[in-house]
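# Remarks on the overall topology
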Amino acid sequence: MAETVIMVTGGSGLVGHGIQLALEEDKKPNEKWIFLSSKDADLRNHEATKLLFEKYKPTHVIHLAAKVGGLFYNLENNCDAYKMNSQMNSVVLDLCKEYKVQKVVSCLSTCIFPDKTTYPIDETMIHNGPPHFSIYGYGYAKRMVDVMNHAYNEQYGCHFTSVIPCNIFGPHDNFSLREGHVIPGLIHKAYLAERYDQPLVILGTGKPLRQFIYSVDLGKLIIWVLREYPEIKPIILAVDEKDEISIRDAGELVIKAFGYKGEIVQDLSKSEGQFKKTASIAKLRKYLPGFKFTPTKQAIEETVNWFRKNYETAKK
Ligand code: NAP
Ligand code: GDP
């Protein structure tokens, strides 16, 4: 059987590690996986990236690499987020075409959906209106990957597709208080609150709603997309709509996982971003009706345990 060489850009991040953990139970002998980090090449640089394609000759690419941040990073860095992500995406997809990569799976985000919309949002609605103002740089750069996927397919016959995950968390996340997403931020803050006997501060009212997916579940789903999903059109990878929770609920789960008895307080001076981005997973359920997500409580406990064990070296 011919060997499949799967090159994962951004393989050293949260989702890259989610795929690595998922593969521990789902290895295939004919697959060779290569997980890249920014140390292998800056993917904004065409020449440096071309050397990676020369070296590894990938038959398949999972393109995860991105400048990723939570609400508070994006609010202040729309220009950088647009520029860095659109540069990486053009270089990577262009080289995938040049090196005749058989299939590419790129990672978008439910952040890219229109701000003014009806709910639940589905895959057909990506381009229906501007993203939320807090995240338009990242949002437009990611939306253009869907445009490129269709254009490369129509003009050159490439099989480039994309996945649209909701808010992700898990081991190896970015736990930075300034730049990270809400669950790693709350975990880091709860760790400090417990250590210094302080309250846990939630930014905003805690009322906004989010679907949260565990990186290991997402890893399993991305592997399935790579091996089996046949479409160019994107697919939403998220937990069921009924499992959407408030930021406050997420905070409660985090402090329970720490076994911390302190109180939760709100900082109402801080932004809340888009109130909700509720996404339909009807398409995913059509393909994989029986897929079981890790319960959010268990996934948060596993992430908290990982953070406690790896506090010194965790990205933060
Ligand atoms: P992450 O943990 O921040 O990891 C980012 C990865 O990209 C790292 O491997 C990083 O390498 C690499 N990278 C960044 N800039 C690069 C550059 N200029 N050249 C080469 N590599 C570069 O991100 P993540 O959360 O795993 O995100 C993976 C994908 O999921 C992204 O496409 C993101 O947009 C999407 N997504 C994330 C979320 C979320 O909640 N986190 C939600 C929806 C979608 P180093 O490790 O060397 O820095
Ligand atoms: P988003 O899902 O892309 O909007 O990004 P985040 O993961 O950063 O989640 C942002 C939501 O969580 C907003 O409603 C914030 O007000 C709220 N939030 C509460 N506390 C925190 C925190 O410590 N860090 C972050 N990033 N968001 C927080």
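Residues numbered from 1 in each chain as written. Chains lettered and ligands numbered in written order. Predicted model: local features only at pLDDT ≥ 70, side-chain atom pairs only at ≥ 80, totals over all residues. Heavy atoms only, no water.

Take the overall build of the chain next. Of regular secondary structure, the chain possesses 10 helices and 12 strands. Computed over the C-alpha atoms, the radius of gyration of the chain is 19 Å, within 12% of the 20 Å expected from 2.2 N^0.38 for a compact globule of 316 residues. The C-alpha extent of the chain, read off along each of the three principal axes, is 55 × 40 × 40 Å. Contacts spanning at least 24 positions in sequence make up 81% of the contacts within the chain whose residues lie at least 6 apart. Taken as a whole, the chain presents about 14300 Å² of accessible surface, with 52% of it coming from carbon and sulfur. A gap of 1 Å separates the mean positions of the 40 positive and 37 negative side-chain charges of the chain. (Helix = DSSP H or I, 4+ residues; strand = E, 2+ residues; numbered from the N terminus. Rg over C-alpha atoms; globule rule 2.2 N^0.38 Å. Contact = heavy atoms within 4.5 Å. Areas by Shrake-Rupley, 256 points an atom, 1.4 Å probe, with all protein chains shown as cover. Lys, Arg positive; Asp, Glu negative; His and termini not counted. Charge placed at Lys NZ, Arg CZ, Asp CG, Glu CD.)

Neighbouring ligand 1 are 27 residues; Ser-12, Ser-38, Leu-64, Tyr-138 and Lys-142 lie closest to it. In the model, an oxygen atom of ligand 1 is placed 2.9 Å from a nitrogen or oxygen of the Leu-14 main chain. Between ligand 1 and the protein, one listed contact pairs an oxygen atom with a side-chain N or O atom of Tyr-138 at 2.5 Å. Contact with the protein chains removes 89% of the 910 Å² of surface that ligand 1 exposes when unbound. (Near = heavy atom within 4 Å. Polar contact = N/O pair within 3.5 Å; in protein donor to acceptor, adjacent residues only side chain to side chain.)

We now examine the site of ligand 2. By nearness alone, 17 residues border ligand 2, and Leu-71, Lys-189, Arg-210, Ser-271 and Glu-272 come closest of all. Within the backbone of Glu-272, a nitrogen or oxygen atom sits 2.6 Å from an oxygen atom of ligand 2. Breaking the shell around ligand 2 down by element, the ones donating at least two residues are α3 (71-76), α6 (182-196) and β7 (200-203). Here the shell around ligand 2 is built from residues that sort into eight nonpolar, five polar and four charged. (Nonpolar A, V, L, I, M, F, W, Y, C, P; charged D, E, K, R; others polar.)

Moving on to the sheet that holds strand β3 (residues 60-63). An order of β2-β1-β3-β4-β5-β10 is seen for the six strands of this open sheet, with the pairing classed as parallel. Both edges of this open sheet fall to β2 (31-35) and β10 (235-237), since each of them pairs with a single strand only. Sheet twist, expressed as the mean angle between neighbouring strand axes with direction ignored, is 20°. As paired elements, strand β4 (residues 103-107) and strand β5 (residues 160-165) share four bridges and run parallel to each other. Its bridge partner lying in β5, Cys-107 is registered against Val-163. On the sheet, helix α1 (residues 14-23) packs against β2 and β3 and is oriented at approximately 150° with respect to β2. Contacts from helix α2 (residues 46-56) reach β1 (4-9), β2 and β3 within the one sheet, and its direction differs from that of β1 by about 155°. (Pairing = 2+ DSSP bridges. Axes fitted to C-alpha atoms, helices over the stretch in contact; angles between N-to-C directions.)

What follows deals with a nonpolar patch on the surface. Residues Tyr-82, Tyr-136, Tyr-140, Met-144 and Val-147 make up a contiguous nonpolar surface patch of about 440 Å² in total accessible area. The leading source of residues in the nonpolar patch is helix α5 (residues 136-156), at four residues. (Patch = residues over 30% accessible without salt bridge, like charges linked within 9 Å, V, L, I, M, F, W, Y side chains within 5 Å. Salt bridge = Lys/Arg side-chain N within 4 Å of Asp/Glu carboxyl O.)

The next point concerns the pattern of salt bridges. Inspection of every chain in the model, using the stated rule, returns 14 salt bridges. Notably, a salt bridge pairs Asp-26 with Arg-227, separated by 2.8 Å at the nearest N-O pair. Of this pair, Asp-26 sits in the loop between α1 and β2 while Arg-227 sits in helix α7 (residues 215-228), and the two are 201 residues apart along the sequence. Judged by its relative accessible area of 32%, Asp-26 is partly exposed. (Buried < 20%, exposed > 50% of the residue type's maximum accessible area, 1.4 Å probe, protein only.)

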